[in-house]
Number of protein chains: 2
Amino acid sequence: CTKKPTDTIASVAHDISNRQHLYITDPISPGSIFFLPGGTKIFNKLVGFMKLQQENKYGFEEVITPLIYRKSLWEQSGHWENYKEDMFRVEGQDTAKEEYGLKPMNCPGHCVIYKRFDKSYNDLPIRFSDFSPLHRNEASGALSGLTRVRKFHQDDGHIFCTPQQVEAEISKCLELIDLCYSKVFPLGKDGKPTNYMFRLSTRPDNYIGSLDVWNHAESVLTEILNRSGKEWSINSGDGAFYGPKIDVLLADHNGKNHQVATVQLDFQLPERFDLKFKDKDNTYKRPIMIHRAVFGSIERFMAMLIDSNNGKWPFWLNPRQCMVIPLNTKSESMMKASEEIVKRLRGEETATDKPVKLNSFHFNVDMDDRAEPVGYRIKDAILKNYSYLIMVGEKEIETQKFALRSRESRELQHLSTDEILQTFVKLEENYK
Amino acid sequence: CTKKPTDTIASVAHDISNRQHLYITDPISPGSIFFLPGGTKIFNKLVGFMKLQQENKYGFEEVITPLIYRKSLWEQSGHWENYKEDMFRVEGQDTAKEEYGLKPMNCPGHCVIYKRFDKSYNDLPIRFSDFSPLHRNEASGALSGLTRVRKFHQDDGHIFCTPQQVEAEISKCLELIDLCYSKVFPLGKDGKPTNYMFRLSTRPDNYIGSLDVWNHAESVLTEILNRSGKEWSINSGDGAFYGPKIDVLLADHNGKNHQVATVQLDFQLPERFDLKFKDKDNTYKRPIMIHRAVFGSIERFMAMLIDSNNGKWPFWLNPRQCMVIPLNTKSESMMKASEEIVKRLRGEETATDKPVKLNSFHFNVDMDDRAEPVGYRIKDAILKNYSYLIMVGEKEIETQKFALRSRESRELQHLSTDEILQTFVKLEENYK
Ligand SMILES: [Zn+2]
Ligand SMILES: [Zn+2]
C-alpha cells in the first residue's frame, strides 16, 4: 500500500493499472480508455453482475440501441439546446452530409422504443437497461484516467411507470443500490465496508411542470430516504429542471465525495416525446420516467474500487486469481501435475469437436515455472496480487492433495484439485 | 413456415422480427438496429458463446477499445486514403474542433495496444478479440434490416504472430469456424445442418509486399484448405492488397451465397504501424497480422439464423423458452403451482439481501393464464414458438410431476420442477 494521502483517485488508479496492466490511454483518442485484457475481465465481470441482478431480480430488460441519431432527435429531447457543447457531431463524407449527434445518454433512444408500440397500464412499469458506450466532449484539459473521460459506459436504466408506481419503483432502485454497495462491493478505505450517503436535489428555479407534481414527488423521495435508515442530505434547488433526484455519494481515501449511483424523476421527456399509455378508464395518460444508474459510470466505479482496494482485488474480480508453483521446476512430475492443475482450473479441457459449455467457470490461473527459489516465486506472486497460490511438491503429487494458501495468510490447506475448484466456484458465484 | 421463395433474407428476418419483437429500425438513425429485449437476449447469447470459445479454447484475450480516433490514426492505417467515403467524421462543438473518425474496424486500435509494450518472440502469438460497435456509412438506399446496416458488431479478432506460426494459427481459426458452423449452429435450409464453403482470394494486381511472401502465404492457405476436407473455390486476384484471405460462404434459402466468417493475412498494417518483436537472435522482426471473424457481422449472422430457422429458435437462443399453462385458471392451487414453476425456472428466488449468483441459469418462461380454453392456449404458445409447454392440472399438483411437451411433439413427459430445470440446464449449457 504505497498510496500517499495526497494522491488523487485518478493517480491511484493509474499507478495500479501500470503495475497490473489494466488499461492504457493514448493521445490518438483523448479521454477514451483502451481496456487491456485484465481490465476488460474486471469490466465484464461488473457488467455481468449488474445484468444478472437487474434482469432476474429487478425486472429490467436489456436493449441495444444506436449510437448516432439525427439532429432532430436531440432537438426534440432538448439536448441540442441545452447540451450541444458537450456533444460530438457526426457526419458522413458523402454529398448528403446528414448531421448526427453521438449519444451522450441513452434516454431519447429508449423513448423511441417505448413509443413504437401502443402501451396500456398493464404493460407498466417498463424497465429498459442499456450498457452502450456514451460520449461527452469534456474539455481536454480536464481529462484524467478513469474518472474524467470522453467515452464511458453506464449501467443505465430507464423506468416508464404510472404516477402511482413511482414510490415502489424508487424503493426498488434504492434496494439494488444497497445490495451493490453494502452487500457485494466493499468500497470503504482499504477495502473496508462501504459507507455511502444519499443526497436529495430539489426543485430549481427554472423548473418545468406543475408545482403540485414537484411537491408530491419531493415528499415521496423524502419519505423513502427517511425510511432508508441511511445518512442523507438536501441540495436545495439543485435538481434537474425536469425533476428531483437522489444521488449516491461515496468518499475516496482522501474523504472527497464522488457521485456514483443516481435516481432521477423526469416529467419532461415523456412530454417532449409525447409518450402515453392507455389507462383503465380508456383515456391516454403520460407515464413518468425514472433515469437511474447503480454503478453510474462503470469506468469511475472501477476507479473507486481501485481507490478502496489498492489493487488487492477480491477473488471474483481478480484478473490474477491463482498462481501455481511447482516446487522443483526440473521435476517432470511436478511440472506435469502443475500444468494439469492450471488446465483444470482454467477449464480448458474441452474436446476439439465440443463447445465450451455455457455458464461454465474459467479461473485466471497462471504457472510460475521460472528457475527461481520457491520463496522468491511465492513473494513475487503475492506482490503481483494473486489471490491464491498452489504449491506442487512430491508429497502433494503422492497424496493428490495440493497446498493452497491465500494472499493474506501463510496457512496451508491441503486439497484435491476438485476441492480447490469447488472452493473457487463458491467464491466466484457469490462475488467474494 | 410462410416463407416464399422470392423472399430475401432481409424480408424473412423483418417478418419474423415483427412477429417476435426482436428489433426495430427508425429513420432517426438509418442503418442502426434497435434491439428489443428479445433480440438483445439472442445477441447476448451469441456473443457469450463466442467469448467462451475464444477465451477458453482458442487463446484470445478480449479488449475494449475507443470508438473515435484522431484523423492521423486513419491516415497511418491507410483508411483515410482508401476508405474515407465509408467513414463517419466526428468533431467536437468546441472551438478546437478536432477531427475524429468513427471506427469502421478495430484493427488500428489493436495495433496501438500491441505497440504500447515491448514484445519478444515469447509473447507471440497475441490474440485480441473485440466486440465493439462499428460504423460504415453505407448509402442510405442500400440499407436493409439486419443485412445492410451502418452500425454493426463483429466477433472481431486480430492475431499477431511470427511467420512460422501463421499455419497453426489459421488452422485453429478454421477449427473454430467448423465448431461454430458444423457443430453448434444448424444453418441449412429449414434448420438442417449447415453446408458451408471456403473461398480463397489470391494476389491482386495492386498487391504490396514481396512476391515470395505472397507465394508462400498462398501455398500455406491452399494446403490448409486441401486438408480441411471441405469444398473450396478460388477467387483469383480478389485478395486484399495487403494479403490473401479465406472467406466462408453460406447459402440462404434461395441458394444465394453470403459471406460470414473471414480469415485474412496482413503484411501491411504491421509495416504501417512499425510493429516489432524481439526474436531469439535479439534482432527486431515484423509480426504478421491475421484479421478474423467467425460470425462476421453478428447482425448478419442473426439474419442467417432466422433465414434458416424461420423463427423456430433452438431452446438456448429462444427468447420464449417455455410457456406454463394452468389448465383451469379459476383454480387457486393451479395458479399458485404455475406461478411457483415460473419463478423457479426463471431463477427469481434470490433473497432481498443476496445477489443473484454469477453463472446461474435463468430461463425465459411465461405463464398464459388467460381465460381461454386449454387447447387454444397450447396452440397459441406453439404459434408463438415457445420451445416447451408445461401443463399444470389437479393430477400434476397431487403428484408434483408436471406435464412437459415440446413445440414439435404432442408427447408428454411427467417431470418434477427439479427435473424440468435440469433438462433445461442441459439443453442450454450445450447450446441445444
Ligand atoms: Zn437517462
Ligand atoms: Zn481487422
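Residues numbered from 1 in each chain as written. Chains lettered and ligands numbered in written order. Predicted model: local features only at pLDDT ≥ 70, side-chain atom pairs only at ≥ 80, totals over all residues. Heavy atoms only, no water.

## A short note on the overall build of chain A
Next up, step 1: When helices and strands are counted, chain A shows 13 helices and 21 strands.
Next up, step 2: Viewed in the frame of its principal axes, chain A has a C-alpha envelope of about 80 × 55 × 55 Å.
Next up, step 3: In chain A, which comprises 432 residues, the share counted as buried stands at 58%.
Next up, step 4: Within the structure as shown, chain A displays about 17,800 Å² of accessible surface, and the carbon and sulfur contribution to it stands at 48%.
Next up, step 5: Put simply, chain A has 59 plus and 60 minus side-chain charges, and the middle of one group is 2 Å from the middle of the other. (Helix = DSSP H or I, 4+ residues; strand = E, 2+ residues; numbered from the N terminus. Buried < 20%, exposed > 50% of the residue type's maximum accessible area, 1.4 Å probe, protein only. Areas by Shrake-Rupley, 256 points an atom, 1.4 Å probe, with all protein chains shown as cover. Lys, Arg positive; Asp, Glu negative; His and termini not counted. Charge placed at Lys NZ, Arg CZ, Asp CG, Glu CD.)

## What to know about the coordination of the zinc ion (ligand 2)
Residues and elements named next belong to chain B.
Next up, step 1: Each protein donor to the zinc ion (ligand 2) is listed here as Cys107 (SG), His158 (NE2) and His291 (ND1); together their distances run 2.0 to 2.4 Å.
Next up, step 2: In the primary structure, the donors to the zinc ion (ligand 2) are separated according to the pattern C-x50-H-x132-H. Of this pair, cysteine 107 sits in helix H5 (residues 107–116) while histidine 291 sits in strand E16 (residues 288–297); the two residues are 184 residues apart in sequence, bridging distant segments of the chain.
Next up, step 3: A relative accessible area of 5% places cysteine 107 in the buried class. (Donors = N, O, S within 2.8 Å, 3.2 Å for Na, K, Ca; no water.)

## Some remarks on the coordination of the zinc ion (ligand 1)
Residue and element names in this part refer to chain A.
Next up, step 1: Each protein donor to the zinc ion (ligand 1) is listed here as Cys107 (SG), His158 (NE2) and His291 (ND1); together their distances run 2.0 to 2.4 Å.
Next up, step 2: Positions of the donor residues of the zinc ion (ligand 1) along the chain correspond to the pattern C-x50-H-x132-H. Highlighted residues: histidine 158 in strand E9 (residues 151–161) and histidine 291 in strand E16 (residues 288–297), separated in sequence by 133 residues. Grouping residues by exposure puts histidine 158 and histidine 291 together as buried.

## Points about the pattern of salt bridges
Two side chains bearing opposite charge may form a pair once their charged atoms approach each other closely.
Next up, step 1: Scanning the entire structure with this criterion turns up 64 salt bridges over all chains.
Next up, step 2: Here B:Asp15 makes a salt bridge to B:Arg19, at a shortest N to O gap of 3.1 Å. Here B:Asp15 pairs with B:Arg19, and both are found in helix H1 (residues 9–20), just four residues apart, close to one helical turn.
Next up, step 3: The class of B:Arg19 is partly exposed, set by a relative accessible area of 48%.
Next up, step 4: Close ionic contact of B:Glu271 with B:Arg286 constitutes a salt bridge, the shortest N to O distance being 3.2 Å. Taken together, the positions of B:Glu271 in helix H8 (residues 269–272) and B:Arg286 in the loop between strand E15 (284–285) and E16 put the pair 15 residues apart, joining distant regions of the chain.
Next up, step 5: Put simply, A:Lys71, A:Glu75, A:Arg89, A:Glu91, A:Glu99, B:Lys71, B:Glu75, B:Arg89, B:Glu91 and B:Glu99 are held in one network by salt bridges that share partners. (Salt bridge = Lys/Arg side-chain N within 4 Å of Asp/Glu carboxyl O.)

## Focus on helix H10 (residues 332–346) of chain A
Residue and element names in this part refer to chain A.
Next up, step 1: With 15 residues, H10 should cover 21 Å at 1.5 Å per step; its first-to-last C-alpha distance of 21 Å lies within 8% of that length.
Next up, step 2: Within H10 the residues assigned to the buried category are Met334, Met335, Ala337, Ser338, Ile341, Val342 and Leu345. Considered in projection along H10, the buried side chains sweep an arc of 165° and stay on one side of the axis. Turned more than 90 degrees away from the buried face of H10, the exposed residues are Glu332 and Lys336.
Next up, step 3: Among the residues trailing H10, glycine 347 stands out with phi positive, at a value near 65°. (Expected span 1.5 Å × (residues − 1). Arc of directions from axis to C-beta.)

## Digging into the interface of chain B and chain A
Next up, step 1: Taken together, the contacts link 88 residues of chain B with 87 residues of chain A.
Next up, step 2: Counting each side, the surface lost to burial between chain B and chain A is near 7,400 Å², with a carbon and sulfur contribution of 61%.
Next up, step 3: When the buried area of chain B at its contact with chain A is split by residue, B:Ile64, B:Gln93 and B:Leu358 rank highest and sum to 11% of it.
Next up, step 4: Here chain B and chain A share six salt bridges between them.
Next up, step 5: Applying the counting criterion to the chain B and chain A interface returns 43 residue pairs in polar contact (both at pLDDT 80 or more).
Next up, step 6: Among the elements that make up the side of chain B that touches chain A, the one with the highest residue count is helix H2 (residues 37–56) of chain B (eleven residues).
Next up, step 7: Here the residues of the side of chain B that touches chain A are counted per class, giving 39 nonpolar, 23 polar and 26 charged.
Next up, step 8: Bridge count for strand E5 (residues 88–92) of chain A against strand E5 (residues 88–92) of chain B is five bridges, and the pairing is antiparallel. (Contact = heavy atoms within 4.5 Å. Buried area = accessible area lost by both parts, 1.4 Å probe. Polar contact = N/O pair within 3.5 Å; in protein donor to acceptor, adjacent residues only side chain to side chain. Nonpolar A, V, L, I, M, F, W, Y, C, P; charged D, E, K, R; others polar. Pairing = 2+ DSSP bridges.)

## Considerations on the packing of aromatic side chains
Residues and elements named next belong to chain A.
Next up, step 1: The final tally for this structure, using the stated rule, is 54 aromatic pairs over all chains.
Next up, step 2: Ring centres of tryptophan 214 and phenylalanine 267 lie 5.9 Å apart, and the angle between their planes is 80°; this geometry places the pair in the edge-to-face category. A residue pair is termed long-range when its members are at least 10 positions apart, and tryptophan 214 in helix H7 (residues 211–228) and phenylalanine 267 in the loop between strand E13 (257–266) and helix H8 (269–272) qualify at 53 residues.
Next up, step 3: Given a relative accessible area of 14%, phenylalanine 267 falls into the buried group. (Phe/Tyr/Trp six-rings, centres within 6.5 Å; stacked < 30°, edge-to-face > 60°.)

## Topic: the sheet that holds strand E20 (residues 402–406) of chain A
Backbone-to-backbone hydrogen bonds pair the strands of a sheet. The strands run either parallel or antiparallel.
Residue and element names in this part refer to chain A.
Next up, step 1: The strand order across the open sheet built from five strands is E18-E17-E19-E20-E21, with neighbouring strands paired in mixed fashion. Only two strands of the sheet have a single neighbouring strand rather than two, namely strand E18 (365–367) and strand E21 (413–415). Strand after strand, the sheet turns through a mean of 30° between neighbouring axes, direction not considered.
Next up, step 2: Where strand E17 (residues 322–326) and E18 come together, three bridges link them in parallel fashion. What sits directly across from methionine 323, in E18, is aspartate 366.
Next up, step 3: Taken strand by strand, H10 contacts E17, E18, strand E19 (388–392) and E20, and its axis lies near 165° from that of E18.
Next up, step 4: Against the sheet, helix H13 (residues 417–429) engages E17, E19, E20 and E21, with an angle of about 110° to E21. (Axes fitted to C-alpha atoms, helices over the stretch in contact; angles between N-to-C directions.)

## Things to note about the packing of helix H1 (residues 9–20) of chain A against helix H9 (residues 298–309) of chain A
All names here are of chain A.
Next up, step 1: In contact at an axis separation of 9 Å, H1 and H9 are set at 80° when each is read in the N-to-C sense. In terms of orientation, H1 lies roughly perpendicular with respect to H9. Mapping the contact onto sequence places Ile9, Val12, Ala13 and Ile16 in H1 and Ala303, Met304, Ile306 and Asp307 in H9.
Next up, step 2: The class makeup of the residues in the contact of H1 with H9 is seven nonpolar, no polar and one charged. (Parallel < 35°, antiparallel > 145°, perpendicular 65-115°, else oblique.)

## What to know about the pairing of strand E7 (residues 126–130) of chain A
Regular strands place side chains that alternate from one sheet face to the opposite one.
All names here are of chain A.
Next up, step 1: Counted residue by residue, E7 has five buried out of five residues, so it is predominantly covered.
Next up, step 2: Both strand E3 (residues 61–62) and E7 contribute to a ladder of two bridges, which runs parallel. Each bridged residue has a counterpart across the sheet, and for glutamate 61 the counterpart in E7 is phenylalanine 128.
Next up, step 3: As judged from the five bridges shared by E7 and E9, these two strands associate in the antiparallel manner. Its bridge partner being in E9, serine 129 is matched across the sheet by glycine 157.

## Here we look at the confidence of the model for chain A
Where the model shows low pLDDT, its predicted coordinates should not be examined in detail.
Next up, step 1: Per-residue confidence for chain A gives a mean pLDDT of 94; residues scoring 70 or more make up 98%.
Next up, step 2: As a predicted assembly, this complex carries a pTM of 0.97 together with an ipTM value of 0.97. (pLDDT = per-residue confidence, 0-100.)

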